[in-house]
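Survey of secondary and tertiary structure
Below, each chain spelled out in residue letters.
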Amino acid sequence: MCGIVGAIADGDAIPFLMKGLSRLEYRGYDSAGVALLSEGTIERRRAKGDLSALRELLRRNPPRGAIGIGHTRWATHGAPSEKNAHPHIVGETAIVHNGIIENGGALKNALREKGAIFTSQTDSEVIAHLFHAFLADGLAAEDAFAKTLESLEGAFAIAALTCSAPNSLFAAARRSPLVIGRGGAGVYVASDALALAAEAESLIHLEDGERARLTREGFSILNAEGRAVKRVPKKMALQSEEASKGGRRFFMEKEIYETPEAAARALAVPIGEEDGFSAARMRDARQIFFLGCGSAFYAGLAASCWMEKLAGVSARAEIASEFRHRGAALSKRDLAVFVSQSGETADTLSALRHCEREGVPTLALVNVVESTMARLADWTLSIGAGPEIGVASTKTLICQMILLARLALSVAKPAEAKEAREDLSSLPRKLQEALALSEALRAMAKDYLAPSDYVLYLGRGAGYAVALEGALKCKEIAYIPSDGAPAGEMKHGPIALIQEKTPVVVVAPYDRLFPKMLSNMEEIAARGGYLCLLTDAEGAAASKDLTRASVALPAAGEIGAPILHALAAQMLAYHCAVALKHNPDRPRNLAKSVTVE
Ligand code: F6R
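Treat the numbers as computed from the prediction; the structure is a model and nothing was measured. (Residues numbered from 1 in each chain as written. Predicted model: local features only at pLDDT ≥ 70, side-chain atom pairs only at ≥ 80, totals over all residues. Heavy atoms only, no water.)

1. Topic: the site of the ligand
Around the ligand sit 14 residues in total, of which Ser 340, Gln 341, Ser 342, Thr 345 and Glu 476 are the nearest. Lys 473 places a polar side-chain atom, nitrogen or oxygen, 2.7 Å from an oxygen atom of the ligand. Out of a free accessible area of 410 Å², the ligand has 90% covered by protein chains. Listed by contribution, the elements that provide at least two residues to the shell around the ligand are α9 (295–311) and α17 (462–478). The leading source of residues in the shell around the ligand is α17, at three residues. Residues that form the shell around the ligand fall into these classes: five nonpolar, seven polar and two charged. (Near = heavy atom within 4 Å. Polar contact = N/O pair within 3.5 Å; in protein donor to acceptor, adjacent residues only side chain to side chain. Areas by Shrake-Rupley, 256 points an atom, 1.4 Å probe, with all protein chains shown as cover. Helix = DSSP H or I, 4+ residues; strand = E, 2+ residues; numbered from the N terminus. Nonpolar A, V, L, I, M, F, W, Y, C, P; charged D, E, K, R; others polar.)

Structure, rendered in structure tokens:
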């Protein structure tokens, strides 16, 4: 989603702004721009499209200045265009903005009545108009910025410049991430710490409602009431190489190959009493809700199967964007577990706030430990996957599943737990073995899925969550229409889509449900569908007369098998995208962190 960078640099700010913006590219964007403040004027360059268009503008006509702001925009209000791209300038002010100004329409009308002329269709432009208007009323820059913030409703992060304070950069965050960094060559602000990976040595995250003024000497932070905030900066934990592809063609490929290592970290994450969360919370819960969006929801779906099967605790997975609106019957004896890579997904955050209002205890499983979700939840567990830049979640989904499985195991019945623990602990090795099957998955993708205009994915139990994951990935990065369905449901509708050569990816480890999957496979083969089977050696042998292609993953148990199959489903989609010449790191219209509802 949109990205913000800002700098007060020792020299020219442009190199940092462009490096920062390129590190934010992974979030998804459709236009970009920068504004520089120098010698009492603001100069701006904006371009529709990717950063190469902006780079070309800068090469032809470089603005100069040590103080600057930059932005990658992901359109919400108004189409992607140069006019709608940020920064927005009004008079002597320039701003960049992430999020949505909920009272943008009303503010626009009020400003228009006073003579303001808007040049974009964005809600963001009102911020520059307000800042300008308060300065025109004679307020000092800092007060004008504070008054601007007071007028805004919604969740947002803002960075702003004004010629009235030529040595300062202003920043504010309300329910949207913004981090201030300090390094040897400047003071910085960004919506994602990754943008500062090479420059900042220390970081401070702005809390909800805080604003900051940055100068060459450092920065000061005020809370919403205008009181000074003192917080100890944290050491920058990211290395700049973590934002590089490490010799792979795509971030998605690199991150898929990092899965075994990430899984080993997820297995070692302490789940304990130290932060006050105890297994008893789950054991005694009337109901556990697993909430998330997209792939994170699928991790919750698998977890609900494990929690009920292994621990006998009533559990259900919920799509976070639906939860708040559907009027779920909640109790203080429930436990709500929020699953999110970014910890910033607006729908998941809204569901969390809803649970808080209803008095339901909340646990967050996040990859970004400094995220809003981590700060809001009663307890937080880090999934330990490491930075993920590819838009589609890969190693993070696997780590979410592992950590959720560990939660289920911490309350499992002893008889069930022993075998499942061994199953889990062998995962890093088996995930490594699964990666070695890349060539077979590539062939399956190239021969059957990529040439097709539709793919059906089928699975049962936690394997149904894998089928959903496979179908989502196939849609989002390979643009092949796909559905994931519970295998038993096929005959209630989806079977109508199966014709000669329709590829059907069946997620079927050789387990107690395999005979049922075999019946489904017969039904597909009888209609000429091409069966592409993800299974293990026994499953492959038992179905060899039916399948067109099968990939035999390492044999595993109730928990390990769906996790291995999820990795295979991700690799399959990756190979489809590459075969069809799509960039899997930049799926169209999508953003890494979806910070609007
Ligand atoms: C799919 C994908 C998305 C995310 C979803 C939630 O490949 O990546 O469906 O899983 O947007 O994002 P987080 O986990 O950041 O809350």
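Next comes the rest of the description.
2. A look at the packing of helix α4 (residues 125–136) against helix α5 (residues 141–151)
Between α4 and α5, whose axes approach to 8 Å, the crossing angle comes to 135°. By the angle between their directions, the pair α4 and α5 is classed as oblique. Handedness of the α4/α5 crossing: right-handed. Residues Ile 127, Leu 130, Phe 131, Phe 134 and Leu 135 of α4 touch α5, and the partners they reach there are Ala 141, Ala 144, Phe 145, Lys 147, Thr 148 and Ser 151. By residue class, the composition of the contact of α4 with α5 is eight nonpolar, two polar and one charged. (Axes fitted to C-alpha atoms, helices over the stretch in contact; angles between N-to-C directions. Parallel < 35°, antiparallel > 145°, perpendicular 65-115°, else oblique. Left-handed = near helix turned anticlockwise from the far one by under 90°. Contact = heavy atoms within 4.5 Å.)

3. A look at the pattern of salt bridges
A side chain with one charge can pair with a side chain of the opposite charge if their charged atoms come near. For the coordinates displayed, the defined rule picks out 27 salt bridges. Of the charged contacts in the structure, one is a salt bridge between Arg 586 and Glu 25, with a shortest N-O distance of 3.2 Å. Here the residue Arg 586 occupies a position in the segment after α20 (560–579), and Glu 25 occupies one in the loop between α1 (14–23) and β2 (31–38), the gap between them amounting to 561 residues. Under the relative-accessibility criterion, Arg 586 is labelled partly exposed at 36%. Close ionic contact of Glu 558 with Lys 309 constitutes a salt bridge, the shortest N to O distance being 3.3 Å. (Salt bridge = Lys/Arg side-chain N within 4 Å of Asp/Glu carboxyl O. Buried < 20%, exposed > 50% of the residue type's maximum accessible area, 1.4 Å probe, protein only.)

4. Looking at the side chain of Ser 191
With respect to the helices and strands, the residue Ser 191 is situated in the loop between β10 (186–190) and β11 (202–205). Judged by its relative accessible area of 5%, Ser 191 is buried. From its side chain, Ser 191 meets the backbone nitrogen of Ile 4 in a polar contact 2.9 Å long. Ignoring sequence-local partners within four residues, the contact set of Ser 191 consists of Cys 2, Gly 3, Ile 4, Leu 24, Arg 27, Asn 98, Pro 177 and Leu 178.

5. Some remarks on the sheet that holds strand β24 (residues 530–536)
The strand order β22-β21-β23-β24-β25 describes an open sheet built from five strands, whose pairing is parallel. Only two strands of the sheet have a single neighbouring strand rather than two, namely β22 (482–486) and β25 (549–553). Within this sheet the neighbouring strands show an average axis-to-axis angle of 15°, counted without direction. Strand direction decides the pairing type here: β24 and β25, joined by five bridges, are parallel. In the sheet register, Thr 535 faces β25, and the bridge partner there is Ala 552. Sitting on the sheet, helix α16 (residues 438–449) is in contact with β21 (455–459), β23 (503–507), β24 and β25, with an inclination near 165° to β24. (Pairing = 2+ DSSP bridges.)

6. Concerning the pairing of β21
By the criterion of burial, β21 is predominantly enclosed, with five of the five residues buried. The side-chain alternation of β21 yields two buried faces, one formed by Val 455, Tyr 457 and Gly 459 and the other by Leu 456 and Leu 458. Pairing geometry for β21 and β22, over five bridges, is parallel. When the sheet's bridge partners are listed, Tyr 457 is paired in β22 with Gly 484. A crossover links β21 with its parallel partner β22, the connecting element being α17, and its sense is right-handed. As paired elements, β21 and β23 share three bridges and run parallel to each other. Pairing of Leu 458 across the sheet is with Val 506, part of β23. (Right-handed = clockwise from strand over helix to strand, strands pointing away.)

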